[in-house]
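A closer look at the structure
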Amino acid sequence: MSQPKLVLQNVGKWFESNRESVEALSDINLEIEENELAVIVGPSGCGKSTLLNIVAGLEQASCGVVRLNGREITAPGADRGMVFQSYTLFPWLTVQQNVEFGLKIKGVHPEERARKARHYIELVGLTGFQDALPKTLSGGMKQRVAIARALANGPEMLLMDEPFGALDAQTRSIMQDLLLSVWEKERTTVLFITHDIDEAVLLADNVYVMSRRPGRIQAKIKVDISRPRDHRLTVSREFTEIKKEIMEMLWAETASV
Amino acid sequence: MSVKRTTMSSYFNGYKKLTLFTFLSILIVWCALSYSGAVKEVFLPTPGAVVKDFWQMHQEGILIPYTLASIYRVMVGWSMAVIVAVPIGMLIGTSKTAEALFEPAIDFARYLPVVAMVPLTLLYFGIGDLQKFIIIFLGTFFQLVLMISDVAANVPKDLLRAAATLGSNKWQTYRLVLMPASLPGIMDSLRITVGWAWTYLVVAELVAANSGLGYMILRAQRFLAIDRIFAGLVIIGLLGLITDYFFKWLTNLIVPWSEKVGGQ
Ligand SMILES: Nc1ncnc2c1ncn2[C@@H]1O[C@H](COP(=O)(O)OP(=O)(O)OP(=O)(O)O)[C@@H](O)[C@H]1O
Ligand SMILES: [Mg+2]
């Protein structure tokens, strides 16, 4: 059997502020397989973003190790693409230029990167908007571009921190379906974070449930629902059952306060 | 598309009308107060007298030369401030070390009244144009540094983080993200401080000047030539207005992508 794509071993994180120390993560152990769509769900403030930022290399773990393909991670890099909850398109660049950003830095030939960018813009359904500036796009469209920008870079892994959290309910389900269809085609390993249980079950191969702060991985729940999926699934029985299981786990967690 | 264009232009027509309304109102009140004799002519000249004085100044051969001399001083003094303040401000806004090195000193310096430093500038820099530049520099530099550092520090962190996750190194992030992201704020700071530069012009021409609008106003004050004081103020006001519009136009040109810049 091949080694897991991403391994976290005994990862912990403290934030030191003046005289006070906040423990955000405690003893996180996680293994994510190649091509897995992994979703971490947990209550607000449990350290989900902190965990993802450590994997991205944007923050350093206080203890433990993170390995991608067996290599230890210490800094951000193009091998881990990220989509943020906030809109992070570069407002002075067009959609096309935004998607080309990472490739340009890498020194990819202009024709090659234009071709790649066009491909991913099409994949997220934004053909015709190549020359638009971010300020003219809706929130959902901005996140589509952000996904295209991350994927065009050809990352080993895609990290997503509540990317649809700022969108209205209808746009959010459209984006979830879009992500599912993109993932069907690309099969990039994804680590997705949310506090929305429906979203977690709809997307995930495995849902990792986190406890309140200091965050730990409380359980790994396999979502054995066939693909391709879309949001119509959310009213099916198998979906509701898994959702109930996760809900009870999170409720038990809040009840024990 | 055509619908959008008409609404845009009617918006601008409305805007222009309101602006014109304000200026006309001021003029009417001025006329009423001065021509009726409600305010004595030694306090408030009539618009006619001010216009006549413009002609007088032209006859004396000072209208254009004095205006140019002042524009020259403001531009050089303020440009000196910009050239030094922008890089230092960017550094302070992005590096704790630079902040510790520069910010307390600048905070101290910006509270020193520039008027009180005039004697020192005369001692150090003589009575030439350099001394005028220095006064305008002192009046704008310290504020500008702090404004620029604020702009750089307020670039959204996630924008810089996004660049890092796309594979950009520190310098690339600085050059390709931080600098363009700071541009709209920098343009705003420039527009605001160039206005202050005009304020410091009069301070700069307070002593040891023999040309310029500030000098002219101060000399007119000595002779109680109230219409000339007004004429000088009107010129400075108009130049300020033009500079402001120029900067708005330039901002549209340089950062058309900014959320603040209207229209598409
Ligand atoms: N830079 C920091 N300094 C101090 N404490 C921090 C810092 N960043 C996060 N924390 C704390 O660590 C805990 C976890 O934060 P984190 O943002 O990872 O939670 P989260 O699960 O992503 O929350 P949310 O659902 O609100 O996004 C929080 O209690 C937060 O206050
Ligand atoms: Mg978060």
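Just so you know, these numbers come straight off a predicted model, no measurement behind them. (Residues numbered from 1 in each chain as written. Chains lettered and ligands numbered in written order. Predicted model: local features only at pLDDT ≥ 70, side-chain atom pairs only at ≥ 80, totals over all residues. Heavy atoms only, no water.)

1. Topic: the overall build of chain B
Check the secondary structure of chain B and you find 10 helices and zero strands. Going residue by residue from the N terminus, the α and β elements of chain B occur as α-α-α-α-α-α-α-α-α-α. Projected onto its principal axes, the C-alpha coordinates of chain B cover approximately 70 × 60 × 30 Å. Accessible surface, chain B as shown: approximately 14,800 Å² in total, 71% of it carbon and sulfur. (Helix = DSSP H or I, 4+ residues; strand = E, 2+ residues; numbered from the N terminus. Areas by Shrake-Rupley, 256 points an atom, 1.4 Å probe, with all protein chains shown as cover.)

2. Some remarks on the packing of aromatic side chains
Residues and elements named next belong to chain A. Tallied over the entire structure, the rule returns 14 aromatic pairs over all chains. Between Phe-90 and Phe-101 the ring centres are 4.5 Å apart and the planes differ by 45°, which places this aromatic pair in the tilted class. Taken together, the residues span a long stretch of sequence, with Phe-90 in the loop between β6 (80–83) and α2 (95–106) and Phe-101 in helix α2 at a distance of 11 residues. By relative accessible area, which is 0% here, Phe-90 ends up buried. When its relative accessible area of 7% is taken as the criterion, Phe-101 is described as buried. (Phe/Tyr/Trp six-rings, centres within 6.5 Å; stacked < 30°, edge-to-face > 60°. Buried < 20%, exposed > 50% of the residue type's maximum accessible area, 1.4 Å probe, protein only.)

3. Notes on the site of ligand 1
All names here are of chain A. Every residue near ligand 1 is listed here: Phe-15, Ala-24, Ser-44, Gly-45, Cys-46, Gly-47, Lys-48, Ser-49, Thr-50, Glu-162 and Arg-213. Within the backbone of Gly-45, a nitrogen or oxygen atom sits 2.8 Å from an oxygen atom of ligand 1. Interatomic distance of 3.1 Å between a backbone N/O atom of Cys-46 and an oxygen atom of ligand 1. Across the complex, the protein chains shield 62% of the 630 Å² of accessible surface that ligand 1 would expose by itself. The dominant element in the shell around ligand 1, judged by the number of residues it contributes, is helix α1 (residues 48–56), at three residues. In the shell around ligand 1, the residues fall into three nonpolar, five polar and three charged. (Near = heavy atom within 4 Å. Polar contact = N/O pair within 3.5 Å; in protein donor to acceptor, adjacent residues only side chain to side chain. Nonpolar A, V, L, I, M, F, W, Y, C, P; charged D, E, K, R; others polar.)

4. Points about the domain arrangement of chain B
Residues and elements named next belong to chain B. Its domain assignment divides chain B into domain 1 (1–42) and domain 2 (45–254). Contacts between domain 1 and domain 2 engage seven residues on the former and nine residues on the latter. In total, domain 1 and domain 2 occlude about 750 Å² of area from one another, counting both sides; carbon and sulfur atoms represent 67% of this. It is Trp-30, Tyr-35 and Glu-41 in domain 1 that bury the most area against domain 2; as a group they hold 62% of the surface buried on that side. Linking domain 1 with domain 2 are zero salt bridges, by the criterion used here. Linking domain 1 to domain 2 there are two residue pairs in polar contact (both at pLDDT 80 or more). Taken together, the residues of the side of domain 1 that touches domain 2 sort by class into five nonpolar, one polar and one charged. (Domains from an automatic or database assignment. Contact = heavy atoms within 4.5 Å. Buried area = accessible area lost by both parts, 1.4 Å probe. Salt bridge = Lys/Arg side-chain N within 4 Å of Asp/Glu carboxyl O.)

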